[in-house]
Amino acid sequence: MAEIPILELRNVGKTYAQNGRPIEALRGANLSVKKGEFVCLIGASGCGKSTLLRLAAGFEAPTAGESSMWGMPITGPGPSRGMVFQDYGLFPWLTVRDNVRFGPKSRGRGWREINETAERFIELVGLQNFADVYPHQLSGGMKQRVAIARVLANDAEIVLMDEPFGALDAMTRERLQDELVEIWSRTGLTVLFVTHAIEEAIFLADRVVVMSPGPGRIDSEYVIDLKRPRDIASGEFNDWRRLLASKLHSHHARKAG
Amino acid sequence: MLAPSTENTAAQERPAAMPLPVRRSFGEGTWSRLRPVLLAMAFPLLLLALWHFATAGRPASLIPPPHDVWLELQDLAFGGINDDAYSRTLHIHLLASMSRVYGGFALALIVALPLGMLIGRVPLIRQSVDPTIQILRPIPVTAWLPLSMIIFGLGPRSAFFLVFLGAFFPVLVNTIFGVRSVEPRLFEAASMLGCTGSAQFFRVVLPAALPSIFTGMRLGLGFAWVVIVVGEMTGVQTGLGAIIMEARQLSRTEIVIAGMIVIGAFGFLSDQLVMLIGRRWLAWSPTHG
Ligand SMILES: Nc1ncnc2c1ncn2[C@@H]1O[C@H](COP(=O)(O)OP(=O)(O)OP(=O)(O)O)[C@@H](O)[C@H]1O
Ligand SMILES: [Mg+2]
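Residues numbered from 1 in each chain as written. Chains lettered and ligands numbered in written order. Predicted model: local features only at pLDDT ≥ 70, side-chain atom pairs only at ≥ 80, totals over all residues. Heavy atoms only, no water.

This next bit is on the pairing of strand S6 (residues 81–84) of chain A. Regular strands have side chains that alternate between both faces of the sheet. All names here are of chain A. Residues of S6 alternate between two faces, with Arg81 and Met83 on one and Gly82 and Val84 on the opposite face, all of them buried. Two strands pair when backbone bridges link them, and S6 and strand S7 (residues 158–162) are joined in this way by 4 bridges, in the parallel orientation. When the sheet's bridge partners are listed, methionine 83 is paired in S7 with leucine 160. (Buried < 20%, exposed > 50% of the residue type's maximum accessible area, 1.4 Å probe, protein only. Helix = DSSP H or I, 4+ residues; strand = E, 2+ residues; numbered from the N terminus. Pairing = 2+ DSSP bridges.)

Set out below in C-alpha cells:
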C-alpha cells in the first residue's frame, strides 16, 4: 500500500464570488505532498498559487474536491499546518520572544515548556540577541525569521510559505534560502513553498509544481534531482532554469493571445 | 534603541556593530536640549508682555494686568492677600472639578469601552445600535445642557452628566474603529497558531485596538475638561467653572482669568499623564512608542 501523503488535494476547485460575479481561481487541482518533501509551486501571477496554499492552510474551503492532511479532511486552520506570509503577519504588540511563544501559549502548554521552546527556535533562526525587540524594529529578513521560528515552535509538521522572501533584497533572500534548506534538512520538516522566481524553486525544491492560469490548474511537475548543496552556476542548474522558463513563458503567451 | 536596518551582518554578530551615539560637545548637547524649551516659552512670554503693556496702569481697563491675576492666583491658593470669600478656596474648587472630570470620564470608559467593543465586533449589535449613535453623536454637548438641567436639576449631577457625555463619544467612536480595523492577516496568523474563537478577542482584537482606544481616551479626557466649565455653570456652588461664572457677575475678572489658567494647567497635566501611560502601553507601536 502506498504511503499516506501528509497533504493531499484531490480535484480541488475554488470559485470566489466577487460582487455576485463568480471568479474561478482554481480548477481540478491535484497535489500530494509526502512527509519530509520540499515542494515549490511556481506559476504566472494570478494562476491561483496563493489560493491553493490558503486551501491547504484551511483559511478557505474548496468549492469542489477534497483537501486532507494525513487522510483527514482539512476543516480549518490549525497548528500542524504553519503559514509564513509574505507580509510576515507578526503581532506588532509582542516582542520577538512573545511572538514565538504565541502558539505554544495558545495551546495551553506549561510555562517551562513554552519558554524552552521559544528560546530553542529563536536560537535556531539566529535571533537570540533580538528576543526582546518589537517587530517594527526589525529588518524584513529578521521579521521573516521570526515568522519561521513562530510556526516551528508550534510543532508545525508542514510549513506553507507564500512568497516568503518576495519582499527581501537579493542578498537577504539568498541567505534565508540557505538557512531554510539547512533547517529543513536538519528537522525533517515538510515545506510547500510558493514563489514566482524559477531560480528559487530549483534551488530549494525536491519537486517543482508548475501551475497555469485561466483558470488556475496544475500544469506539470518536475523532480529536481540535483545534489545538495546546489550550485546555481552549474550547467545542470541552467538546464532546469531553461526548461522551466520556457514552460512558464508558454503560459504567458497563451494568456496574452 | 535597537534598530537594525540591513541584513548584511549575521544576526549573531550584530551587537558589536551596533552604532554608538554620536558624541557631542557639552555646550552643543545642552543647547539642543534647551532649544525646544526656550522656543516653547518665547511665545507665551511675548503674549504676557503684550498683555502687561496693554493693561498695566490703566484703571479703566476691562482686563486686569498679569500681576493682579498672579496675586489673585496666590490668594486663591494660599490666601493672605485679599482675605475675602475666595481666599484659600482653590483646592476645594479644583477638587470638585477634578472629581467630576475623572468621575465622568471613568463612567464614560465603563460604558463606552464594552459598548464600543460590542458594536465593533457583533454585527447584530452594530446594525441595531450604530445608526442611533451616529445621529446622537453630532449633537453638541452644550445642546444637552437644558435637557440635562430638566432631568437632573440644577446641580453637580448635571455637570457630571455633561462631562460623561463629552468623554463618551470620542471613546466610543475610537473603540469601535479600533476593534473593527484589525488587520485580517492577524486573525489568520492567530488561528493557524491555534488561537481561535473568543481567545482571539483578548489576544488579537484588544491589543490591536489599543492605539485607537488610547487615542479615544486622550480625546475624551480632553473633552471632559472642556465640558466641565459649561457643566458647572448649571448652578453648582463649587468647581472652577462655578467660580469663573460667579466672579464674572461680581466683576472679579482677575478670578475669571486665574480660574481659566488653572483649568488650562490641569488639563495639560492630565493630558501629559495620559501620554506617559500611553508611551508605556504602546512602546511597540511605531507611531506611539
Ligand atoms: N478573495 C478573493 N476574492 C475574489 N477573487 C480572488 C480572491 N482571491 C483571489 N482571487 C482571484 O483568484 C485568482 C487567483 O489568485 P491568487 O492570489 O491565488 O493568484 P497567485 O497565483 O497567488 O498570484 P500572485 O502570483 O500574483 O500572488 C486571481 O484572479 C484573483 O483575482
Ligand atoms: Mg499569491
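Next comes the rest of the account.
Time to look at the packing of aromatic side chains. Scanning all chains against the criterion turns up 14 aromatic pairs over all chains. Measuring from centroid to centroid gives 6.1 Å for phenylalanine 59 of chain A and phenylalanine 85 of chain A, while their planes differ by 25°, and the two rings are stacked. A residue pair is termed long-range when its members are at least 10 positions apart, and phenylalanine 59 of chain A in the loop between helix H1 (49–57) and strand S4 (64–69) and phenylalanine 85 of chain A in the loop between S6 and helix H2 (96–106) qualify at 26 residues. Through a chain of ring-to-ring contacts, three or more aromatic side chains come together here, namely Trp144, Phe152, Phe161, Phe164, Phe168 and Phe169 of chain B. Over the face of the ring belonging to phenylalanine 102 of chain A we find arginine 203 of chain B, whose NZ or CZ atom lies 4.0 Å from the ring centre. (Phe/Tyr/Trp six-rings, centres within 6.5 Å; stacked < 30°, edge-to-face > 60°. Lys NZ or Arg CZ within 6 Å of the ring centre and 35° of its normal.)

Another aspect to go through is the domain arrangement of chain A. Residue and element names in this part refer to chain A. On domain assignment, one finds that chain A holds domain 1 (1–66 + 75–80 + 157–257) and domain 2 (91–155). Between the C-alpha centres of domain 1 and domain 2 there is a distance of 26 Å. On the domain 2 side, the residues contacting the 15 residues of domain 1 number 12 residues. Summing both sides of the interface, domain 1 and domain 2 together bury roughly 1000 Å²; the carbon and sulfur share of this comes to 71%. It is Pro79, Leu176 and Ile183 that lose the most area in domain 1 upon contact with domain 2, and together they represent 40% of the buried surface on that side. (Domains from an automatic or database assignment. Contact = heavy atoms within 4.5 Å. Buried area = accessible area lost by both parts, 1.4 Å probe.)

Our next topic: the pattern of salt bridges. Under the definition given, this model contains 29 salt bridges over all chains. With a shortest N-O distance of 2.7 Å, glutamate 188 of chain B and arginine 54 of chain A are connected by a salt bridge. With glutamate 188 of chain B in helix H8 (residues 184–192) and arginine 54 of chain A in helix H1, this pair bridges two chains. For glutamate 188 of chain B, a relative accessible area of 14% gives the class buried. (Salt bridge = Lys/Arg side-chain N within 4 Å of Asp/Glu carboxyl O.)

Residue and element names in this part refer to chain A. Pairing is mixed across the open sheet formed by 6 strands, whose spatial order is S6-S7-S8-S3-S9-S10. Whereas interior strands pair on both sides, the edge strands pair on one side only; in this sheet they are S6 and strand S10 (217–223). The average angle at which neighbouring strand axes cross in this sheet is 20°, direction not considered. (Axes fitted to C-alpha atoms, helices over the stretch in contact; angles between N-to-C directions.)

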